[in-house]
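Read off the chains here:
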Amino acid sequence: MASIAVVPAAAAAADVSCTSAKAGLADKLERDITAALTRRKGTVAVGLHDRATDTACELNPSRAYDSASITKVTVLATLLWDAKKDDRYLTDREVSLSRAMIVKSDNAATRTLWKQLGMKKIKGFLAAAGMTRTRAGAKGYWGLSQITVTDEQRLLELITTRNEVLSDNSRGYLLKLMSQVVPSQRWGTPHGVPSGVSVAVKNGWLERATNGWRVHSVGAFKGRGHDYTMTVLTHGNSTMNYGITTIQSVARAIHKDLATS
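First, a word on what this report is: a plain description of the structure on this page. Sequence positions are assigned chain by chain, starting from 1 and proceeding in written order. Residue-level local features of this predicted model are given only where pLDDT is at least 70; pairs of side-chain atoms are given and counted only at 80 or more, and the full residue set underlies all totals for whole chains, interfaces and linings. No hydrogens and no water enter the side-chain calculation; it runs on all heavy atoms of the structure.

## Thoughts on the overall build of the protein chain
Now for step 1: Helix and strand counts for the protein chain come out as eight helices and eight strands.
Now for step 2: Its C-alpha atoms put the protein chain at 45 × 45 × 30 Å along the principal axes.
Now for step 3: Throughout, exposure labels follow a simple rule: accessible area from a 1.4 Å probe, protein chains only, divided by the maximum for the residue type, with under 20% read as buried, over 50% as exposed, and the rest as partly exposed. The 261 residues of the protein chain split such that 53% are buried.
Now for step 4: In what follows, residue pairs with any heavy atoms lying within 4.5 Å of each other are defined as contacts. Across the protein chain, contacts joining residues at least 24 apart in sequence account for 67% of those joining residues at least 6 apart.
Now for step 5: In this description, accessible areas are obtained by the Shrake-Rupley approach with a 1.4 Å probe, and a residue is regarded as covered only by the protein chains that are shown. Summing over all exposed atoms, the protein chain offers an accessible surface of approximately 11,600 Å²; the carbon and sulfur share of this is 52%.
Now for step 6: With 35 positive and 22 negative side-chain charges, the protein chain shows a separation of 6 Å between the mean positions of the two kinds. Helix numbers and strand numbers start at the N terminus; a helix is a DSSP run of H or I with at least 4 residues, a strand a run of E with at least 2. Charged residues are defined here as Lys and Arg on the positive side and Asp and Glu on the negative side; His and the ends of the chain fall outside this count. Positions of charges follow a simple convention, taking NZ of Lys, CZ of Arg, CG of Asp or CD of Glu.

## Looking at the packing of aromatic side chains
Now for step 1: Stacked, edge-to-face and tilted labels apply to pairs of Phe, Tyr and Trp rings (six-membered ring for Trp) whose centres lie within 6.5 Å, assigned for plane angles under 30 degrees, over 60, and everything in between, in that order. Applying the stated criterion to the full structure yields three aromatic pairs.
Now for step 2: Geometrically, the ring pair formed by Trp81 and Phe125 is edge-to-face, given 6.0 Å between the ring centres and 65° between the ring planes. Here the residue Trp81 occupies a position in helix H3 (residues 71-85), and Phe125 occupies one in helix H5 (residues 107-129), the gap between them amounting to 44 residues.
Now for step 3: On the basis of relative accessible area, Trp81 is assigned to the buried category, the value being 11%.
Now for step 4: Given a relative accessible area of 0%, Phe125 falls into the buried group.

## A few points about the nonpolar core
Among soluble globular proteins, nonpolar side chains are generally buried collectively.
Now for step 1: Here, the term nonpolar core denotes a set of buried Ala, Val, Leu, Ile, Met, Phe, Trp, Tyr and Cys residues that are joined through side-chain atoms within 4.5 Å. If you look at the biggest cluster of nonpolar residues, it comprises 43 residues, and the most contacted ones within it are Leu76, Met101, Phe125, Leu155, Leu166 and Leu174.
Now for step 2: Of all the elements in the fold, those that place two or more residues in this core are H3, helix H4 (92-103), H5, helix H6 (149-160), helix H7 (168-179) and strand E7 (213-223).
Now for step 3: When residues no more than four places from it in sequence are discounted, the contact partners of Leu166 are Ala77, Trp81, Lys84, Phe125, Leu158, Ile159, Arg171 and Leu174.
Now for step 4: Residues Val46, Phe221, Met230 and Ile247 belong to the second largest nonpolar core, which totals 30 residues.

## Remarks on the sheet that holds strand E6 (residues 198-207)
Now for step 1: Strand pairing is defined by DSSP finding a minimum of two bridges between the two strands. With respect to topology, six strands assemble into an open sheet ordered E1-E3-E2-E8-E7-E6, the strand pairing being antiparallel. Two strands bound the open sheet, and with one partner strand each, they are strand E1 (17-19) and E6. The mean inter-strand angle of the sheet, taken between neighbouring strand axes irrespective of direction, is 5°.
Now for step 2: Bridging between E7 and strand E8 (residues 226-237) involves ten bridges; their strand directions are antiparallel. Across the sheet, the residue bridging to Gly219 is Met230, located in E8. Between the N-to-C directions of two axes lies an angle of 0 to 180 degrees, each axis being a line fitted to C-alpha atoms and, for a helix, fitted only over the stretch in contact.

## Observations regarding the layout of surface pockets
Now for step 1: The computed volume of the largest pocket comes to approximately 320 Å³.
Now for step 2: Only protein atoms enter the 1 Å grid used here. Points where a 1.4 Å probe fits but cannot escape make up a cavity, open sets with protein on both sides within 12 Å along at least five of seven lines make up a pocket, and a residue lines them when an atom lies within 4 Å of a point. Looking at the largest pocket, the residues that line it are Leu80, Ala83, Lys84, Asp87, Arg88, Tyr89, Leu90, Ser167, Asn169, Ser170 and Tyr173.
Now for step 3: Of all the elements in the fold, those that place two or more residues in the lining of the largest pocket are H3 and H7.
Now for step 4: A class-by-class count of the residues in the lining of the largest pocket yields five nonpolar, three polar and three charged.
Now for step 5: In this structure, the second largest pocket encloses a volume near 230 Å³.
Now for step 6: Along the wall of the second largest pocket there are 13 residues; nearest its centre are Ser69, Asn107, Trp142, Gly143 and Leu206.
Now for step 7: Sorting the residues of the lining of the second largest pocket by element identifies H5 and E6 as the ones contributing at least two each.
Now for step 8: All residues other than Ala, Val, Leu, Ile, Met, Phe, Trp, Tyr, Cys, Pro, Asp, Glu, Lys and Arg, Gly among them, are scored as polar; the first ten of these are nonpolar and the last four charged. By residue class, the composition of the lining of the second largest pocket is six nonpolar, five polar and two charged. Grid points are joined across faces, edges and corners, and a volume is the space filled by probe spheres set on the points.

## Some words on the state of the cysteines
Now for step 1: When two cysteine sulfur atoms lie within 2.5 Å, the pair is treated as a disulfide. Applying the stated criterion across every chain, the model contains one disulfide.
Now for step 2: The partner cysteine of Cys18 in its disulfide is Cys57, sulfur to sulfur 2.1 Å. Disulfide Cys18-Cys57: the torsion about the S-S bond is 115°, which places it as right-handed. Residue Cys18 is found in strand E1, and its partner Cys57 is found in strand E3 (residues 55-59); the two are separated by 39 residues along the sequence. The same class applies to Cys18 and to Cys57, which are both buried.

Here's what the structure looks like:
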């Protein structure tokens, strides 16, 4: 596969697009997200939706990225969706594997559940969820699934609002585990979150020969008059920490703008 040239994120950041029912908020977010990406290298995609102010932002929403551990949320959602179809609870084994997969980002637990579910069920969930741009990783390579901001935001929407795909209990379980992620993995989209706002997060990181480090973060936040989801996907990072800094610069700007709106 040919190597893809890494371009400055600032050029892409000029395409940040926001809308809002709150006067002045869209312009503020566009300006501050763009500023957060100035002089950052690599490629960046951003998604934001705040139900309280009917605010949405996007940058490169259809760009595909290797999922890394972000896909673990989809694995658990698939497991819960499949159990709901059979009208059953998760087994003790499934509960243990799910907790390890989300809270500790355990790869062995993910491999076990991915294999148990199989491609038919995983693709079935993606179709039911309307995640039409997501491509499940072939031959067991779950971390090489192809994801987009649009679909990750769609998944977060399903987790945070009532729907027919995931039961209320399933949504609550997903949010509970995402709120219990170990401290060392609570970087990314929660950065700069105001006090009194609940946090549910899942991050992913993966280094490959081309496009350097993939570093991603998805989060759901609620409190102080806001109810929002955020996705930031990146690759072309020289180090994992470089990607984390890029994500956290965007997150800090978003949390600040919403908190002061």
